[in-house]
Amino acid sequence: MILYSTVAVVTALLASLVDSHPIRQPHTITRQQLCNRVCMTAIFLVLFLLSACRLNVGNDYAKYVEFMHLVNCDAYVPTEIGFNLLVKLIYGLSGFENFLLVFAFYSFVTVLFFLLAMYEQSDEFGLTFFLFMTLGYYFQTFSTVRYYLALALALYSMKFVLRRQWGRFVILVVLGATFHKSLLVVIPLYFLASLPWKKWQLAIAAVFCTTFLFMQDFYLKLVVFLYPTYEDTEYLEGGTSFISILRCAAVLCFAGIVFLMWRREGRYRNHTDVAKDGKDEKGITGEKNVTNIEEEETWNRRFWFYTYLNLGALVLYVFCSFLPIISRIGYYLMVSQILFLPMLLQAVPDKKWRRLFRAGILLAAVLYFAMYLKKGANDGVLILPYKTFFFNEMVNILSEVN
């Protein structure tokens, strides 16, 4: 617990020195750009090495070692082709069952894409990274390594959705799905969240959500079709997360407050209003106004995209608790919170309210982190105690016991 807290504090302090939108100068590197490179490299190395050097840390570490052994023996495993080919490649090049190198590869790629996504898309990298650590996203990468690689790619892919670069978005998601096929669900969900929904369309969507209440058998059969290995197992028991419901509701309430603040100050405008106001008295749009229009349209697009993602997550957790994969789908939507909260915070027009909201967000995140570490040794988490292959030996896996 002390190790994890120290890592969180040190990396968060380094992240606070990073400005992901530095002023650039031609043919030279500014002091801030140099600081960014040093801090980002240090953060990456700390997170990567802590993850890559672990041994039997994570809820399903031993299960993954078993899967890798079965893949190497050409036996059946319920994992995707990307995972299987990676294991075959690394084991073949190593000449032995080098599962440590496989975990190191996952650690490298997962941490890299999370950091790239936060650096390129966050309005305030320091706060986004702080939320990434305290909300447990990093430490959860120690478990379900395939899924958290997919989650990192999902977060990174959001920039393509916002830019309407659908080809790149689909290609990235399909490639990620070769490591965890649940990632495919973000194609329809992110597309739906990017649409400019009207009130009557939201009403129809709300009516559709009621089908989850009386068509549960149909949706469960659909899940079994997608995940045949779930049939007649405890994975079909479902369940929901009240903490996730509370988080989504709190974020949506904060978004509503910021929206009302902007409305009151006359700063929020829809796309039609922006287009009209971008013209001068002669009907000619100037270069400065064009820039302002683009910035406002981008802000509006991001605001509603993140809002619909969190609204979708809230609906899933409330109405679809019977689905066994609800937490995985919900996390693909909820992960946007680490980008959404800093964006909302910077949009608060009053400085005093902004400080108050910031203090509330930081306090809630620290409390969440403390609760998370408290259950770190429990089944389902198992990130405590931390062990490294430098001083510990791997326990026997199921194949070795039998």
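For the structure, see preceding data.
Residues numbered from 1 in each chain as written. Predicted model: local features only at pLDDT ≥ 70, side-chain atom pairs only at ≥ 80, totals over all residues. Heavy atoms only, no water.

> Please set out the environment of Ala117 residue by residue, giving values where relevant.
Note on placement: Ala117 falls in helix α5 (residues 99–121). Placed 40 residues apart in sequence, Ala117 and Ser157 show a C-alpha to C-alpha distance of 8.1 Å. Once you skip the residues sitting within four places of it in the chain, Ala117 turns out to touch Ser122, Leu155, Tyr156 and Leu339. (Helix = DSSP H or I, 4+ residues; strand = E, 2+ residues; numbered from the N terminus. Contact = heavy atoms within 4.5 Å.)

> Just give me the short version of the environment of Ala152, but keep the residues and values in it.
Inspection of the secondary structure puts Ala152 in helix α8 (residues 145–162). Considered as a pair, Ala152 and Thr110 are 42 residues apart in the sequence and their alpha carbons are 5.9 Å apart. Those residues in contact with Ala152 that lie beyond four places of it in its chain are Thr110, Phe113 and Phe114.

> Tell me what's going on with the packing of aromatic side chains, and back it up with residues and numbers.
Taken as a whole and judged by the stated rule, the model has 45 aromatic pairs. When the centroid spacing of 6.0 Å and the interplanar angle of 45 degrees are considered together, the rings of Phe129 and Phe132 count as tilted. Taken together, the residues span about one helical turn, with Phe129 and Phe132 both in helix α6 (residues 125–134) at a distance of three residues. The buried category is assigned to Phe129, whose relative accessible area is 0%. Residue Phe132 is classed as buried on the basis of its relative accessible area, which comes to 2%. Pairing Phe305 with Tyr306 gives two aromatic rings, centres 5.7 Å apart and planes at 50 degrees, and the pair type is tilted. Judged by its relative accessible area of 1%, Phe305 is buried. In this structure, Arg247 is placed above the aromatic ring of Tyr368, and the distance from its NZ or CZ to the ring centre is 5.4 Å. (Phe/Tyr/Trp six-rings, centres within 6.5 Å; stacked < 30°, edge-to-face > 60°. Buried < 20%, exposed > 50% of the residue type's maximum accessible area, 1.4 Å probe, protein only. Lys NZ or Arg CZ within 6 Å of the ring centre and 35° of its normal.)

> Residues and numbers for the pattern of salt bridges, please.
In total, this model carries five salt bridges according to the counting rule given. Here Lys88 ties to Asp74 by a salt bridge, and the two come within 2.3 Å at their closest N and O atoms. Residue Lys88 is found in helix α4 (residues 81–94), and its partner Asp74 is found in the loop between α3 (61–72) and α4; the two are separated by 14 residues along the sequence. With a closest N to O distance of 2.5 Å, Arg302 and Asp123 form a salt bridge. Of this pair, Arg302 sits in helix α16 (residues 287–319) while Asp123 sits in the loop between α5 and α6, placing them 179 residues apart in sequence. Asp123 gets classed as partly exposed once you look at its relative accessible area, which sits at 22%. (Salt bridge = Lys/Arg side-chain N within 4 Å of Asp/Glu carboxyl O.)

> Could you give an account of empty space enclosed by the protein, naming the residues involved and the relevant values?
Counted by the stated rule, this structure contains one cavity of 30 Å³ or more. Put simply, the largest cavity is a space of about 50 Å³. Around the largest cavity, the lining residues are Ser51, Arg54, Phe103, Tyr106, Ser107, Thr110, Thr141, Val145 and Tyr148. Mapped by element, the contributors of at least two residues to the lining of the largest cavity are α5 and α8. Take the lining of the largest cavity: its biggest share by element is four residues, from α5. Looking at the lining of the largest cavity residue by residue, the class counts come to four nonpolar, four polar and one charged. (1 Å grid on protein atoms, 1.4 Å probe; cavity = no way out; pocket = protein on both sides within 12 Å on 5 of 7 lines; lining within 4 Å. Points joined across faces, edges and corners; volume = space filled by probe spheres on them. Nonpolar A, V, L, I, M, F, W, Y, C, P; charged D, E, K, R; others polar.)

> Kindly report on the side chain of Thr11, identifying the contributing residues and their values.
In this fold, Thr11 is placed in helix α1 (residues 2–16). Polar contacts involving the side chain of Thr11 include one to the main-chain carbonyl oxygen of Ala8, which spans 3.3 Å. Every residue in contact with Thr11, bar those within four places of it in the chain, is listed here: Ile43, Val46, Leu47, Phe129 and Met133. (Polar contact = N/O pair within 3.5 Å; in protein donor to acceptor, adjacent residues only side chain to side chain.)

> How would you summarise the side chain of Gln337 if you had to cite specific residues and measurements?
Tracing the backbone through its elements, the reader meets Gln337 in helix α18 (residues 337–347). Its relative accessible area of 2% is what places Gln337 among the buried residues. When residues no more than four places from it in sequence are discounted, the contact partners of Gln337 are Leu131, Arg247, Cys248, Val251, Asn310 and Pro342.

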